[in-house]
Amino acid sequence: MKKKAKKKTAKRALRGRDYLSVDDFSTAEIKSLLALTAEIKAHPRRYRRSLEGKMMALIFEKPSLRTRTSFTVGIKQLGGDSILLTPADINLGKRESVYDVAKNLERMVDGIMIRTFGHDICTSLAQHASIPVINGLTDLEHPCQAMADIFTVLEHKKSLKRLKLSYIGDGNNVAHSLVLIAAKLGTTMFVATPEGYKPQAAIMERALGIASETGAHIVWTADPVEAAREADMVYTDTWASMGQEAEAAARRAVFAPYQVNKALISHAREDVLFMHCLPAHRGEEVTDEVIDSLNSVVFQEAENRLHAQKAIMLELLRE
Ligand code: CP
Ligand code: NVA
């Protein structure tokens, strides 16, 4: 099998690469993407022909509002275009193998974004396709979300130094990517989950390993108040992710003490940012009074998916 041409130059270090996990990029690469995100957000017209003629395939095996819209609009705003591929179109792995899909798409498009279940589907697609593959959410990670989230924090707090970022809820894909990006960027991140719903051990080990090099402080706790106390950011996500719908009722009981409500967030700093990747289940992981409060930046966070992913597509796809 031919190896992907993943040429590295100082200026085009990300060209041709994949973004399947936050861990695919170094601290310096993440920082440069965050800087490019700011530049693109401030001056979108400067980039309107940057990916002229480039085509993205957007594969969705799960529903989406933000990811679909932001990738579709994002590539258009860079001068390119996209084609949407749903299970009704390709039925990945059933109608056709992941390998065959990769081998077809690499001849027709310049990049692939995939939202799927098993992370191995995403890595297998990337392994077989000679074009960049971007993870638009798997059961393991949501790396584009984490990039937009950290960018949003930086817009408000300017620097990550001396911040306490906290994630409270299920130790899921969103938590995994957040903990990895916090480790890469050397900040403090508390993750509060019920004992049986911790982030995966391999992710935590990797985050702690990265943290030992960057000086980050990564803490797991079962106590939501410990995470919320003096926090600069409180983040939560659904208690039952896509694919876990059958567990939703059981999870509601386990996660009830982790609801981000007025009482819990009162332990945080007054200028705490409330964040959520969305979709939110109001009255479950978060109450209306928190998500609709002045501290909530959830829609800014959603908008920043567009800017962050334009930066990612630009760096991965440009000549
Ligand atoms: N946050 C996020 O990925 O939203 P969608 O599921 O709507 O794409
Ligand atoms: N953890 C959620 C995130 C949705 C954007 C899920 O996987 O359904």
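Residues numbered from 1 in each chain as written. Chains lettered and ligands numbered in written order. Predicted model: local features only at pLDDT ≥ 70, side-chain atom pairs only at ≥ 80, totals over all residues. Heavy atoms only, no water.

*Asks:* Quick question: what am I supposed to make of the overall build of the protein chain here?
*Replies:* Helix and strand counts for the protein chain stand at 12 helices and nine strands. Since a compact globule built from 319 residues should have a radius of gyration of about 20 Å, the 19 Å found for the protein chain is in line with a globular shape. Expressed along its principal axes, the backbone C-alpha trace of the protein chain runs to roughly 55 × 40 × 35 Å. The burial tally for the protein chain puts 55% of its 319 residues in the buried class. (Helix = DSSP H or I, 4+ residues; strand = E, 2+ residues; numbered from the N terminus. Rg over C-alpha atoms; globule rule 2.2 N^0.38 Å. Buried < 20%, exposed > 50% of the residue type's maximum accessible area, 1.4 Å probe, protein only.)

*Asks:* Would you explain the pattern of salt bridges in this entry?
*Replies:* Pairing is possible between side chains that carry opposite charge, provided their charged atoms lie close to one another. The full count for this structure, using the stated rule, is 21 salt bridges. In this structure, E39 engages R46 in a salt bridge whose closest nitrogen and oxygen atoms are separated by 3.2 Å. R95 is the partner of E96 in a salt bridge, and the nearest nitrogen-oxygen pair spans 3.9 Å. Overall, the relative accessible area of 25% leaves E96 in the partly exposed class. Counted as one network, the salt bridges with shared partners bring together K157, D232, R269 and D271. (Salt bridge = Lys/Arg side-chain N within 4 Å of Asp/Glu carboxyl O.)

*Asks:* What is the right way to look at the site of ligand 2 in this model?
*Replies:* Around ligand 2, the structure places L137, N172, N173, V174, D237, T238, S241, M242 and L278. In this structure, N172 approaches ligand 2 through a side-chain N or O atom, which is 3.3 Å from a nitrogen atom. For ligand 2, whose accessible area on its own is 270 Å², the fraction buried by protein is 95%. The residue inventory of the shell around ligand 2, partitioned by class, reads four nonpolar, four polar and one charged. (Near = heavy atom within 4 Å. Polar contact = N/O pair within 3.5 Å; in protein donor to acceptor, adjacent residues only side chain to side chain. Areas by Shrake-Rupley, 256 points an atom, 1.4 Å probe, with all protein chains shown as cover. Nonpolar A, V, L, I, M, F, W, Y, C, P; charged D, E, K, R; others polar.)

*Asks:* Help me understand the site of ligand 1, please; the structure alone is not making it clear to me.
*Replies:* Inspection of the region around ligand 1 gives S64, L65, R66, T67, R115, H142, Q145, C277, L278 and R305 as its neighbouring residues. A distance of 2.8 Å is found between an oxygen atom of ligand 1 and a side-chain nitrogen or oxygen belonging to R66. A distance of 3.0 Å separates an oxygen atom of ligand 1 from a polar atom in the side chain of R305. Taking 260 Å² as the accessible area of ligand 1 by itself, protein coverage stands at 96%.

*Asks:* Can you help me understand helix α5 (residues 143-157) in this one?
*Replies:* Each α-helix winds once per 3.6 residues, and so residues spaced three or four apart point in a common direction. An ideal rise of 1.5 Å per residue puts 21 Å on 15 residues; α5 measures up with 21 Å between its terminal C-alpha atoms. Burial within α5 is extensive, with 12 of its 15 residues counted as buried. Here α5 has its buried residues at P143, C144, Q145, A146, M147, A148, D149, I150, F151, T152, V153 and K157. One or two residues past the end of α5 sits K158, with phi positive at roughly 70 degrees. (Expected span 1.5 Å × (residues − 1).)

*Asks:* Please explain the nonpolar core as it appears in this structure.
*Replies:* A general feature of soluble globular proteins is that nonpolar side chains tend to end up buried together. Counting residues in hydrophobic clusters, the biggest one holds 62 residues, and the most contacted among them are I134, M147, V179, M189 and I218. Broken down by element, the residue count for this core peaks at eight residues, all from helix α6 (residues 173-184). The next biggest cluster of nonpolar side chains, apart from the first, holds 20 residues, and it includes A231, Y258, V286 and V298. (Core = buried A, V, L, I, M, F, W, Y, C linked by side-chain atoms within 4.5 Å.)

*Asks:* Could you clarify how one ought to interpret unusual backbone geometry in this entry?
*Replies:* Apart from glycine, the bulk of residues carry a negative phi angle, and the bulk of peptide bonds sit in the trans form. Here the bond from L278 into P279 is cis, since omega is 10 degrees, no more than 30 degrees from zero. Structurally, P279 can be placed in the loop between β9 (273-276) and α11 (288-291). Positive phi is not limited to glycine here, since K158 has a value of about 70 degrees. Of note, K158 is situated in the loop between α5 and β5 (164-168). Using a relative accessible area of 66% as the deciding quantity, one classes K158 as exposed.

*Asks:* Help me understand the sheet that holds strand β2 (residues 81-85), please; the structure alone is not making it clear to me.
*Replies:* Each strand in a sheet pairs with its neighbour through backbone hydrogen bonds, running either in the same direction (parallel) or in the opposite one (antiparallel). Strand order in the open sheet formed by four strands is β2-β1-β3-β4, and the pairing between neighbours is parallel. Looking at the sheet topology across the chains shown, the edges are occupied by β2 and β4 (133-135). Within this sheet the neighbouring strands show an average axis-to-axis angle of 20 degrees, counted without direction. In the sheet, strand β3 (residues 111-115) pairs with β4 via three bridges, with the strands oriented parallel. Across the sheet, M113 pairs through a bridge with I134, a residue of β4. (Pairing = 2+ DSSP bridges. Axes fitted to C-alpha atoms, helices over the stretch in contact; angles between N-to-C directions.)

*Asks:* For this particular structure, what's the right way to read helix α7 (residues 201-214)?
*Replies:* Between its terminal C-alpha atoms α7 stretches 20 Å, which fits the 20 Å expected from 14 residues at 1.5 Å a residue. Those residues of α7 lying buried are I203, M204, A207, I210 and A211. Looking straight down α7, one finds its buried side chains confined to an arc of 125 degrees; they lie on one side. Exposed residues pointing more than 90 degrees away from the buried face of α7 are listed as A201, A202, E205, S212 and E213. Close packing links the buried residues of α7 with α6 and β7 (217-221). Residue G215 follows α7 closely and has a positive phi angle near 85 degrees. (Arc of directions from axis to C-beta. Contact = heavy atoms within 4.5 Å.)

*Asks:* Explain the environment of N104 to me, please; I cannot follow it from the model alone.
*Replies:* Tracing the sequence through the fold places N104 in helix α3 (residues 98-105). Residue classification places N104 among the partly exposed residues on the basis of a relative accessible area of 35%.

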